[in-house]
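The lines below spell out each chain.
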Amino acid sequence: MSVSEYYHEKRILITGGLGFLGSNLAHKLVSFGAKVTIIDNLDPLYGGNLYNIEQIRTRVKLALGDIQDESLLVPLLSDCDIVFHFAAQVSYIDSQNIPFRDLDLNARTTMSVLEIIRKHKLPVKVVFSSSRMVIGKSNDRIVDETVPTNPLSLYAIHKLTSEKYLQMYHADFGIPVIIFRITNPYGIRQQMKHNKYSLVGWFIRMAMENETITIFGDGRQLRDYIYVEDIIEAFLLSAANPDSNGQIINLGSGYSSEFGEMVNTIVEIVGSGQVKYVDWPANYERIETGNFQVDISKLKSLTGWSPSFTLEQGIRLTYEYYKSNLSYYI
Ligand SMILES: NC(=O)c1ccc[n+]([C@@H]2O[C@H](COP(=O)([O-])OP(=O)(O)OC[C@H]3O[C@@H](n4cnc5c(N)ncnc54)[C@H](O)[C@@H]3O)[C@@H](O)[C@H]2O)c1
């Protein structure tokens, strides 16, 4: 069975589905004929945006509300086959200032989803968007899924807590789960309102507005940037594959670029903007993870997936999108 056949008529719930990853996933699923429901509260701190689903608005069900509201969540989970649980407090920087909110959104809501599924004996698969941040400093190792975790921010601690809940509910109650540790995602439909997360989008905006982009340190730290279309394909192939159940899976491009190279590529493609190097601010340096290179062989061998977009191609596509749509994202 092809992936599109697998998802045809499947009932899919996407929490945080008006945001970057969720809305791109919704577009693909709708094209496969899936029955997509989104729950999102459009919290202005994050990337939720009604414009993200404008072209598919009549083909998805939208519940505008908070995922912390269990009275909303129970009927939605009762009516789905797979939940992609993406709603979150997404900024690791903010997590240090709003610790309990981060705990609620990055850990407690995962437990709520799992508890509802367990209590009501729902046949629902849970796909979770964790982060490379659970690893902490890579100390120049190539990071596979067995590298010990040492999270450096509350965001990462709470994402790791969610991973533990998911693994436990899988082992003890047989709930099918998949945990993706996503590296540095970028692409179309990503918020550009602030620079608290998703720097690629923010820098594209700055370059488009001919601003100066500041790089901390020498800009030589390695990051694995992955274009959103590659991410969505990996989500869909994995969730359709029973061998992925119970697995933690790295989701990156498998290729790391220097931070400065990413910025310079943006400035070159956009054709405006400047670059300035400054020292690391003290509060960032402690939680800066250093070089990050990720091993994606597990994802490849489970699904046959491999990335299709280079950083340059992805930035070009993203820029083309914002050339026509910038006003909806700033
Ligand atoms: N963007 C990244 O750099 C990155 C990297 C790794 C993992 N992730 C994870 O991927 C997931 C999706 O992130 P994204 O990049 O699409 O971010 P995003 O900000 O674009 O999307 C998050 C969505 O969650 C919604 N949301 C937040 N709180 C909510 C609540 N209480 N109730 C209902 N909806 C709520 C927001 O309105 C938004 O639409 C998150 O779990 C994030 O932690 C993101």
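Located above this text is the structure these notes cover.
The present account deals with the structure reproduced in this document.

Rules used in this analysis
- Residues numbered from 1 in each chain as written.
- Predicted model: local features only at pLDDT ≥ 70, side-chain atom pairs only at ≥ 80, totals over all residues.
- Heavy atoms only, no water.
- Near = heavy atom within 4 Å.
- Polar contact = N/O pair within 3.5 Å; in protein donor to acceptor, adjacent residues only side chain to side chain.
- Areas by Shrake-Rupley, 256 points an atom, 1.4 Å probe, with all protein chains shown as cover.
- Helix = DSSP H or I, 4+ residues; strand = E, 2+ residues; numbered from the N terminus.
- Core = buried A, V, L, I, M, F, W, Y, C linked by side-chain atoms within 4.5 Å.
- Buried < 20%, exposed > 50% of the residue type's maximum accessible area, 1.4 Å probe, protein only.
- Pairing = 2+ DSSP bridges.
- Axes fitted to C-alpha atoms, helices over the stretch in contact; angles between N-to-C directions.
- Expected span 1.5 Å × (residues − 1).
- Contact = heavy atoms within 4.5 Å.
- Parallel < 35°, antiparallel > 145°, perpendicular 65-115°, else oblique.
- Left-handed = near helix turned anticlockwise from the far one by under 90°.

Overview of the site of the ligand
- By nearness alone, 30 residues border the ligand, and F20, D40, G47, Y155 and Y197 come closest of all.
- F20 places a polar main-chain atom, nitrogen or oxygen, 2.8 Å from an oxygen atom of the ligand.
- The separation between an oxygen atom of the ligand and a polar side-chain atom of S129 is 3.0 Å.
- Notes on the ligand: free accessible area 830 Å², of which the protein chains cover 97%.
- Put simply, the parts of the chain that give the shell around the ligand at least two residues each are α2 (20–31), β5 (125–131) and α6 (154–173).
- The element that contributes the greatest number of residues to the shell around the ligand is β5, accounting for three residues.

A word on the nonpolar core
- The biggest cluster of nonpolar side chains holds 75 residues, and the ones touching the most others in it are I14, F84, F235 and L251.
- Counting residues per element, this core draws most heavily on helix α8 (residues 228–239), which supplies eight residues.
- Ranked by size, the runner-up nonpolar core spans 25 residues in total, among them I39, L77, A87 and I116.

What to know about the sheet that holds strand β12 (residues 247–251)
- Sheet architecture is open: seven strands sit in the order β3-β2-β1-β4-β5-β7-β12, paired in parallel fashion. On the outer flanks of this sheet lie β3 (60–64) and β12, each paired with one strand and no other. Each strand axis lies, on average, 20 degrees off the axis of its neighbour in the sheet, ignoring direction.
- In terms of strand pairing, β5 meets strand β7 (residues 177–182) through six bridges, oriented parallel. In the strand pairing of β7, S131 is matched with I182.

A look at α8
- Given a rise of 1.5 Å per residue, 12 residues ought to cover 16 Å, and the 16 Å separating the end C-alpha atoms of α8 matches this to within 8%.
- The element α8 is largely enclosed, with a buried count of 10 among its 12 residues.
- Among all positions in α8, only V228, D230, I231, I232, A234, F235, L236, L237, S238 and A239 are buried.

A closer look at the side chain of S198
- By secondary structure assignment, the location of S198 is in the loop between β8 (184–186) and α7 (199–208).
- Residue S198 is classed as buried on the basis of its relative accessible area of 18%.
- Leaving out residues up to four positions away in the same chain, S198 has contacts with Q190 and Q191.

Thoughts on the pairing of β7
- Counted residue by residue, β7 has six buried out of six residues, so it is predominantly covered.
- Inspection of the sheet shows β7 paired to β12 by five bridges, in the parallel sense. From the neighbouring strand, R181 faces β12, where its bridge partner is N250.

Re the packing of α2 against α8
- At a closest axis distance of 10 Å, the pairing of α2 and α8 adopts a crossing angle of 65 degrees. With respect to each other, α2 and α8 are oriented roughly perpendicular. Considering only the axes of α2 and α8, their crossing is right-handed. Along the contact surface, α2 presents F20, L21, N24, L25, K28 and L29, while α8 presents V228, I231, I232, F235 and L236.

Some thoughts on the side chain of S23
- Residue position: S23 is located in helix α2.
- Engagement of the side chain of S23 in a polar contact is seen with the backbone oxygen of G19, the distance being 2.6 Å.
- In contact with S23, other than residues within four places in its own chain, are G17, L18, N52, I53 and R189.

Side note on α7
- Judged by how many residues are buried, α7 sits mostly within the fold: eight of 10 residues are covered.
- Where α7 is buried, its residues touch β8, β9 (212–216), β11 (225–227), α9 (259–270) and α12 (311–325).
- Looking one or two places after α7, you find N210, whose phi comes out positive at around 55 degrees.

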